Amino acid sequence: MRNAANCAAQRTLEESAGSKWLAKTLGLLLLASGLSWQAEAAAVQGKQPNIVYIVADDLGWKDVGFHGSDIQTPTLDKLATGGARLEQFYAQPMCTPTRACLMTGRYPFRYGLQTAVIPSGHTYGLPTDEWLLPQALKAAGYRTAIIGKWHLGHADPKYWPRQRGFDYQYGPLIGELDYFTHKQHGVVDWYRNNKVVKEKGYTTTLLGDDAVKLINESDPATPLYLYLTFNAPHTPYQAPREYLDRYAHITDPSRRAYAGSITAMDDQIGRVLGALDKKGMRENTLIVFQSDNGGTRNAMFAGEGDMSKIKIPCDNGPYREGKGSLYEGGTRVCALVNWPGHVKAGSLVAGMIHVVDMYPTLAKLAGASTARCKPLDGMDVWPTIAEGQPSPRTEVIYNLEAFRAGVRAGDWKLIWRTPLPSSLELYNLAQDPSEKNNVAADNPEKVAGLQKRANELAATMAKSPLLQAEFKAMLERLHTPPALPGEEFEFNEEP
């Protein structure tokens, strides 16, 4: 009996050693094959990367140093130099839809958030039957935190970040607010873990402080997902005196404050990187940075504040128009990825990537399951970012709404405005990235093909709760008393 037990124990030891050898061998084979080796090797070694995903608000494509701006962004410039610039990275034309894309890996027309943003007075939010990125990462063992702007539902707590997969939350639920009073329309929009916080300070600095504190208190053994989402440089254009003084040479006050707010954000990102270094987490931390849409060029899309006396300061470089539009200036955004030892320093990724792609890409790197997701529009683009492989994405849906569509296949982009008088615009972005030459009349087959694709997708489009609410309000106004003059009205005109 003793000999049998000893033999069984010996076989167990041999099997265990064999399993370890097999796991190591598989890891080496995956490394050699280049088939998503970072994710698989991390899974074999049991080491998941920390993820710090940083979002700027309404940042102009050119308004960073690495795109040639005179605005000082040394931290972002260093991240770009040490990592990959994503030069065809697409977001949605406005804030809420882009953030929804990141959280779901799905285009917003799938669930009704394709039109504009969630206004401060509205009560809808990102549908709760969507399985969000923080939920997937939390299930994979991550500590999840949002520090900064949410803007995916504020009127009902069921839409709030803590109820959507985030262990920790700090910052505004809506997003457009005074940088110093933290108010919008006289109401404080500043929360920590579902409770209103009344405190003093410049929002950008407070967000940086909280991110540093979170990192300092983190256990390096537990992977961290930090969604750090600044309200800078969104309206109102505000910056502390020290940052305004740095740009004293800029005569326009809006541009001066806008520039100051960008540099202030850059400084706080630098503090976050410093905290990661000090904690020994930086080498295993993937940094992603993007703007939520292009810089504002049209006052109609600047926000809920009064823009009548303000000169809009954003610069989207060679790209046409800006936030709210389907042109490249509204959708092709400033973006980069940095992860020491995993992303080649100084690389430039020219292939198409859409923000929906970040969900499956990050989930795979983290070893997180997407089984509970609805069908994803996103694709794993890590081989494109880290290995220079061609992008698997050949199509971009800029947006689909009841009144317009923007669809790209390869180099061809269609903008289709459907209200009468309807209009069709076709651009070859390889030849005309600034969208100056509408070649629709010369390419009827390309137009027809892209229209067909837009119509196919539109047939599956969810209704917009914003448009439904506004139409309902219009119908209610039809039942108000007639606006006729009262008895005190005097007819002074001659008969």
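Quick caveat: nothing in here was measured; it's all calculated off a predicted structure.

**Quick notes on the environment of Ser 218**
And then number 1: Tracing the backbone shows Ser 218 in the loop between helix H6 (203-216) and strand E10 (224-229).
And then number 2: The spacing of Ser 218 and Lys 279 is 61 residues in sequence and 8.5 Å in space, taken between C-alpha atoms.
And then number 3: Filtering out sequence-adjacent residues up to four positions away, Ser 218 remains in contact with Arg 143, Leu 224, Lys 279 and Met 281.

**Comments concerning helix H12 (residues 444-458)**
And then number 1: Its 15 residues place the ends of H12 21 Å apart at the C-alpha level, agreeing with the 21 Å of an ideal helix rising 1.5 Å per residue.
And then number 2: Every buried residue of H12 is listed here: Val 447, Leu 450, Gln 451, Ala 454 and Leu 457. Buried positions in H12, seen along its axis, are confined to an arc of 125° and lie on one side of it. What points out from H12, more than 90 degrees from its buried face, is the exposed set Pro 444, Glu 445 and Lys 452.
And then number 3: Among the structural elements, strand E15 (395-401), strand E16 (404-409), strand E17 (412-417) and strand E18 (423-428) are those in contact with the buried residues of H12.

**Here we look at the sheet that holds strand E12 (residues 335-338)**
Strand pairing in a sheet is mediated by backbone hydrogen bonds. Such pairs are either parallel or antiparallel.
And then number 1: Across the sheet, 10 strands lie side by side as E9-E8-E5-E4-E10-E1-E11-E12-E2-E13; this open sheet has mixed pairing. Each having just a single partner strand, strand E9 (195-196) and strand E13 (347-349) make up the two edges of the open sheet.
And then number 2: Note: strand E4 (residues 143-148) against E10, six bridges, orientation parallel. What sits directly across from Ile 147, in E10, is Leu 228.

**Quick notes on the packing of aromatic side chains**
And then number 1: Scanning the model with the defined rule gives 13 aromatic pairs in all.
And then number 2: Between the aromatic rings of Tyr 107 and Phe 109, the centroid separation amounts to 6.0 Å while the plane-to-plane angle is 20°, which identifies the pairing as stacked.
And then number 3: With relative accessibility at 1%, the residue Phe 109 sits in the buried group.
And then number 4: An aromatic cluster is defined as three or more aromatic residues linked by ring pairs; in this entry it consists of Trp 150, Phe 166, Tyr 225 and Tyr 227.
And then number 5: Over the face of the ring belonging to Trp 131 we find Arg 372, whose NZ or CZ atom lies 3.8 Å from the ring centre.
And then number 6: The residue whose ring lies beneath Lys 413 is Tyr 398, and the NZ or CZ to ring-centre distance is 4.0 Å.

**A word on the pattern of salt bridges**
And then number 1: The full count for this structure, using the stated rule, is 27 salt bridges.
And then number 2: With a shortest N-O distance of 2.9 Å, Asp 210 and Arg 192 are connected by a salt bridge. One end of the pair, Asp 210, is in helix H6; the other, Arg 192, is in strand E8 (residues 191-192), with 18 residues separating them in the sequence.
And then number 3: According to the relative accessible area criterion, Asp 210 is buried, its value standing at 8%.
And then number 4: Across the salt bridge formed by Arg 404 and Glu 401, the nearest N and O atoms sit 2.6 Å from each other.
And then number 5: One network of salt bridges, in which partners are shared, links Asp 57, Arg 99, Lys 149 and Asp 292.

**Brief notes about the environment of Leu 365**
And then number 1: Within the secondary structure, Leu 365 is located in helix H10 (residues 358-366).
And then number 2: Since its relative accessible area comes to 4%, Leu 365 is described here as buried.
And then number 3: Once the C-alpha coordinates of Leu 365 and Gln 48 are considered, the two residues, 317 residues apart in sequence, prove to be 7.4 Å apart.

**Some words on the confidence of the model for the protein chain**
And then number 1: Mean pLDDT over the protein chain stands at 91; residues scoring 70 or higher make up 89%.
And then number 2: Counting interchain partners and residues more than four positions distant, the pLDDT-below-50 stretch residues 1-46 has 24 contacts.

**Some thoughts on unusual backbone geometry**
And then number 1: Omega for the peptide link from Ala 232 to Pro 233 comes to -5°, which places this bond in the cis form.
And then number 2: Position of Pro 233 among the secondary structure elements: in the loop between E10 and helix H7 (241-246).
And then number 3: With an omega of -5°, the peptide bond between Thr 235 and Pro 236 qualifies as cis.
And then number 4: The backbone of Asp 58 shows a phi angle near 65°, a positive value even though the residue is not glycine.
And then number 5: Tracing the chain through its elements places Asp 58 in the loop between strand E1 (50-56) and helix H3 (74-81).
And then number 6: Unusually for a residue other than glycine, Ala 116 sits at a positive phi of about 60°.
And then number 7: Classification of Ala 116 as partly exposed rests on a relative accessible area of 26%.

Parameters at a glance
Residues numbered from 1 in each chain as written. Predicted model: local features only at pLDDT ≥ 70, side-chain atom pairs only at ≥ 80, totals over all residues. Heavy atoms only, no water. Helix = DSSP H or I, 4+ residues; strand = E, 2+ residues; numbered from the N terminus. Contact = heavy atoms within 4.5 Å. Expected span 1.5 Å × (residues − 1). Buried < 20%, exposed > 50% of the residue type's maximum accessible area, 1.4 Å probe, protein only. Arc of directions from axis to C-beta. Pairing = 2+ DSSP bridges. Phe/Tyr/Trp six-rings, centres within 6.5 Å; stacked < 30°, edge-to-face > 60°. Lys NZ or Arg CZ within 6 Å of the ring centre and 35° of its normal. Salt bridge = Lys/Arg side-chain N within 4 Å of Asp/Glu carboxyl O. pLDDT = per-residue confidence, 0-100.

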